[in-house]
Amino acid sequence: MKAMKFFSACLFLLPFVSCTQVATNKGDAATEKRVEALLSKMTLEEKIGQMNQISSYGNIEDMSSLIKKGEVGSILNEIDPVRINALQRVAIEESRLGIPLLMARDVIHGFKTIFPIPLGQAASFNPQVAKDGARVAAIEASSVGIRWTFAPMIDIARDPRWGRIAEGCGEDTYLTSVMGAAMVEGFQGDSLNNPTSIAACPKHFVGYGAAEGGRDYNSTFIPERRLRNVYLPPFEAATKAGAATFMTSFNDNDGVPSTGNTFILKDVLRGEWGFDGLVVTDWASASEMISHGFAADPKEAAMKAVNAGVDMEMVSYTFVKELPELVKEGKVKESTIDEAVRNILRIKYRLGLFDNPYVDEKLSSTVMYAPSHLEAAKQAAVESAILLKNDKGILPLQSSVKTVAVVGPMANAPYEQLGTWVFDGEKNRTQTPLNAIKEMVGDKLQVIYEPGLAYSREKNPAGVAKAASAASRADVILAFVGEESILSGEAHCLADLDLQGDQKALIAALAKTGKPVVTVVMAGRPLTIGKEVEESAAVLYSFHPGTMGGPALADLLWGKAVPSGKTPVTFPKMVGQIPVYYAHNNTGRPATRNEVLLNDIAVEAGQTSLGCTSFYMDAGFDPLFPFGYGLSYTTFKYSNVKLSSAALKKNEVLTVTFDLENTGKYEGTEVAQLYVQDKVGSVTRPVKELKRFARVTLKPGEKKSVSFELPISELAFWNIDMAKVVEPGDFALWVASDSQSGENVFFKVID
Ligand code: GLC
């Protein structure tokens with residue numbers, strides 16, 4: 001309902017905007033005709049020029065000479081509509097064939113109106129939140145002339161040391177597939193040639209999130225079966241959603257850099273999925289194949305990238321410099337160049353750039369921060385927040401609370417709150433928790449503000465003491481902690497996930513006051529906050545919530561909204577548990593979860609006395625919080641789980657129905673989750689996998705019958721023979737509130 005309200009509200013904004021399904025006009029004969037006609041006129045140099053993307057620099061004159069020569073197909077990082085039109089005019093009026101430029105920008109979770117980081121949006125388990133956010137981003141970015149974004153980032157990430165976990169949708173293949181497809185639809189709107197549509201670019205293809213050790217750009221070692229069962233499906237879903245472009249990833253997988261990987265770029269992307277858009281490298285990832293030791297020099301790098309199926313090179317210029325000679329030498333066929341240029345021209349035609357290349361230079365002043373955009377961003381922040389603890393129902397704050405202390409480095413941090421990958425958001429438009437709380441409570445409550453620390457990494461014992469002293473006067477302490485935005489994102493990896501600086505000391509000092517501490521964490525990743533959770537009466541986790549994070553959190557703290565977010569990624573107790581994720585294999589000696597832990601082990605314990613199972617003596621087996629976990633101010637009861645059949649054929653559909661009851665005293669929304677386990681396979685299978693989820697809103701005492709439809713075909717996996725099949729046998733199924741709870745029921749798949 002909210003989403004429709006949002007769209008109906010914005011309809012007056014732009015006559016073109018629409019919210020029906022995405023549809024790129026694949027296989028449009030008229031477009032293909034135009035592509036072929038133009039291609040036939042192009043010289044080899046002009047073709048290669050289309051394959052070159054530069055990053056905007058200096059003045060227009062600097063770039064104009066390249067554009068006039070036909071050496072530039074796309075420009076990234078130019079966001080001034082006047083300059084964009086001027087550059088476009090050079091391309092159209094002063095180059096021989098007048099081919100328009102494709103203007104690109106990283107619009108990852110908003111252009112001016114910043115939404116929660118994608119990991120936060122994933123926590124909403126609401127694809128409409130992702131779609132609305134992408135639509136707003138497209139409306140704002142296209143209003144300055146940007147028509148291509150390098151998003152959604154849909155790398156499966158199971159290692160929170162990796163800074164870019166912030167940028168994706170977490171650890172789960174199904175959740176990422178659903179959210180990623182929704183973002184593609186939001187960016188691209190109902191048709192690419194709608195002027196408010198921007199070409200999506202699922203990235204980073206593929207496996208980048210499995211960087212060894214969680215260290216960015218590091219090698220990955222993903223065997224094909226795991227690639228196909230875990231890492232590829234979100235990209236296939238994005239292709240089906242009509243994604244117009246793809247971006248290759250920096251990593252080498254089993255020794256082959258993605259930018260030179262024919263198997264993924266041709267066999268899978270084009271051959272199996274029928275993708276007909278354009279593939280761009282990541283920043284200089286073509287020339288970085290030299291650093292990888294996969295190419296001896298720029299010439300070999302260009303040859304390997306183009307022959308593997310890359311269409312456009314981002315900024316490293318090896319194509320323009322090396323391809324003419326490579327073609328002359330026969331090391332790259334001109335037909336390969338032609339195919340790359342077809343893909344590029346096809347997207348430019350689909351975007352309507354040939355017919356409508358310029359942007360209205362006054363438009364952007366009318367769309368940025370539109371009320372409907374801010375409302376959508378606030379709703380996203382509300383639904384993204386995860387309630388991890390709420391002892392004695394301290395939340396929502398009651399009218400008996402007359403004095404609150406607002407403490408911590410993230411309480412009034414307008415820049416940090418926006419999170420990573422924000423180039424165009426403006427911190428002076430951020431509404432912080434401190435300001436939102438003051439605005440909400442007015443003079444009804446006394447608000448004591450004492451940050452204690454100026455920023456998340458600060459070490460300042462005196463500041464901690466001062467904050468604790470001030471907070472001791474309050475009825476409830478609201479502690480806003482977490483990460484500065486620079487601490488997550490590209491190349492921003494951490495080997496230690498504890499709260500930075502003196503934040504741990506701050507929480508401990510606040511807890512010592514004896515007053516209840518409500519800890520609100522704003523971060524770009526899961527943090528190892530076990531001790532702080534123990535010291536807090538309540539914990540609300542908000543992955544960098546964006547422009548409207550303050551009002552969203554204020555509404556949640558005072559019960560104007562009820563938390564509904566769920567963890568999109570497992571929270572480890574300590575870094576040593578990583579990788580830790582719910583869809584793991586069982587192993588031959590699974591943990592019993594009753595193992596004797598470190599401090600309880602007898603001195604001189606016998607060698608085999610502890611049993612032999614897969615766990616850590618110091619951390620046990622279970623994480624701090626499992627995937628899919630999140631509390632509400634109310635409680636929910638699952639019951640009466642029924643299956644449409646106990647035995648089904650591969651072409652049938654299993655209907656799962658269950659009752660969900662709100663057994664508490666607040667209206668709330670539960671993200672009901674459906675997990676399935678293939679008990680025995682030709683290869684070992686995960687102990688469970690998410691297959692469906694649904695947000696169900698219930699009034700106190702209300703009970704609803706909910707159902708999931710699950711085609712048995714969706715239980716297919718790549719098996720011992722590397723065939724994607726459903727194998728008959730026994731299956732277990734859970735309908736639950738998270739990946740660790742719920743009663744399982746059983747069904748069979750029969751031949
Ligand atoms: C960066 C990122 C990629 C981004 C590109 C352009 O290095 O890896 O995600 O889209 O360069 O900024």
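A quick note: this is a predicted structure, and the numbers were derived from the prediction, not measured.

Peer 1: With reference to specific residues and values, describe the domain arrangement of the protein chain.
Peer 2: One can read the domain layout of the protein chain as domain 1 (45-350) and domain 2 (636-750). Once you take the C-alpha centre of each, domain 1 and domain 2 turn out to be 35 Å apart. On the side of domain 2, 12 residues touch domain 1, which itself brings 12 residues to the contact. Both faces considered, domain 1 and domain 2 share a buried interface measuring about 1200 Å² in area, 63% of it formed by carbon and sulfur atoms. Counting across the domain 1 and domain 2 interface gives zero salt bridges. Our count for the contact surface shared by domain 1 and domain 2 stands at seven residue pairs in polar contact (both at pLDDT 80 or more). Broken down by secondary-structure element, the contributors of at least two residues to the side of domain 1 that touches domain 2 are α8 (173-188) and α9 (224-231). Of the residues forming the side of domain 1 that touches domain 2, the biggest block, four residues, is contributed by α9.

Peer 1: Let's hear about the site of the ligand: which residues, and what values?
Peer 2: Among the 13 residues in the neighbourhood of the ligand, the closest are listed as Asp106, Arg164, Lys203, His204 and Asp282. Arg164 has a polar side-chain atom sitting 2.7 Å from an oxygen atom of the ligand. Residue His204 places a side-chain N or O atom 2.6 Å away from an oxygen atom belonging to the ligand. Protein burial of the ligand: of its 310 Å² of free accessible surface, 93% is covered by the chains. Residue composition of the shell around the ligand, by class: seven nonpolar, one polar and five charged.

Peer 1: Residue-level account of the packing of helix α13 (residues 298-308) against helix α14 (residues 318-328), with values.
Peer 2: Closest axis-to-axis distance for the α13/α14 pair is 9 Å, and the angle between their directions is 85°. It follows from the interaxial angle that α13 and α14 lie roughly perpendicular. For the pair formed by α13 and α14, the contact residues are Pro298, Lys299, Ala302, Met303, Ala305 and Val306 on the first element and Thr318, Phe319, Glu322, Leu323, Glu325 and Leu326 on the second. Looking at the contact of α13 with α14 residue by residue, the class counts come to eight nonpolar, one polar and three charged.

Peer 1: Which residues make up helix α10 (residues 233-240), and what values go with them?
Peer 2: Of all the positions in α10, only Pro234, Phe235, Ala237, Ala238 and Thr239 are classed as buried. Lining the buried residues of α10 we find α8, α9, β5 (245-247) and α11 (262-272).

Peer 1: Go over the side chain of Thr173, please, and point to the residues and values.
Peer 2: Within the secondary structure, Thr173 sits in helix α8. Within the structure, Thr173 has its side chain in polar contact with the backbone oxygen of Val230 (distance 2.9 Å). Beyond its immediate sequence surroundings of up to four residues, Thr173 is in contact with Ile156, Asn229, Val230, Pro233 and Pro234.

Definitions and cut-offs
- Residues numbered from 1 in each chain as written.
- Predicted model: local features only at pLDDT ≥ 70, side-chain atom pairs only at ≥ 80, totals over all residues.
- Heavy atoms only, no water.
- Domains from an automatic or database assignment.
- Contact = heavy atoms within 4.5 Å.
- Buried area = accessible area lost by both parts, 1.4 Å probe.
- Salt bridge = Lys/Arg side-chain N within 4 Å of Asp/Glu carboxyl O.
- Polar contact = N/O pair within 3.5 Å; in protein donor to acceptor, adjacent residues only side chain to side chain.
- Helix = DSSP H or I, 4+ residues; strand = E, 2+ residues; numbered from the N terminus.
- Near = heavy atom within 4 Å.
- Areas by Shrake-Rupley, 256 points an atom, 1.4 Å probe, with all protein chains shown as cover.
- Nonpolar A, V, L, I, M, F, W, Y, C, P; charged D, E, K, R; others polar.
- Axes fitted to C-alpha atoms, helices over the stretch in contact; angles between N-to-C directions.
- Parallel < 35°, antiparallel > 145°, perpendicular 65-115°, else oblique.
- Buried < 20%, exposed > 50% of the residue type's maximum accessible area, 1.4 Å probe, protein only.

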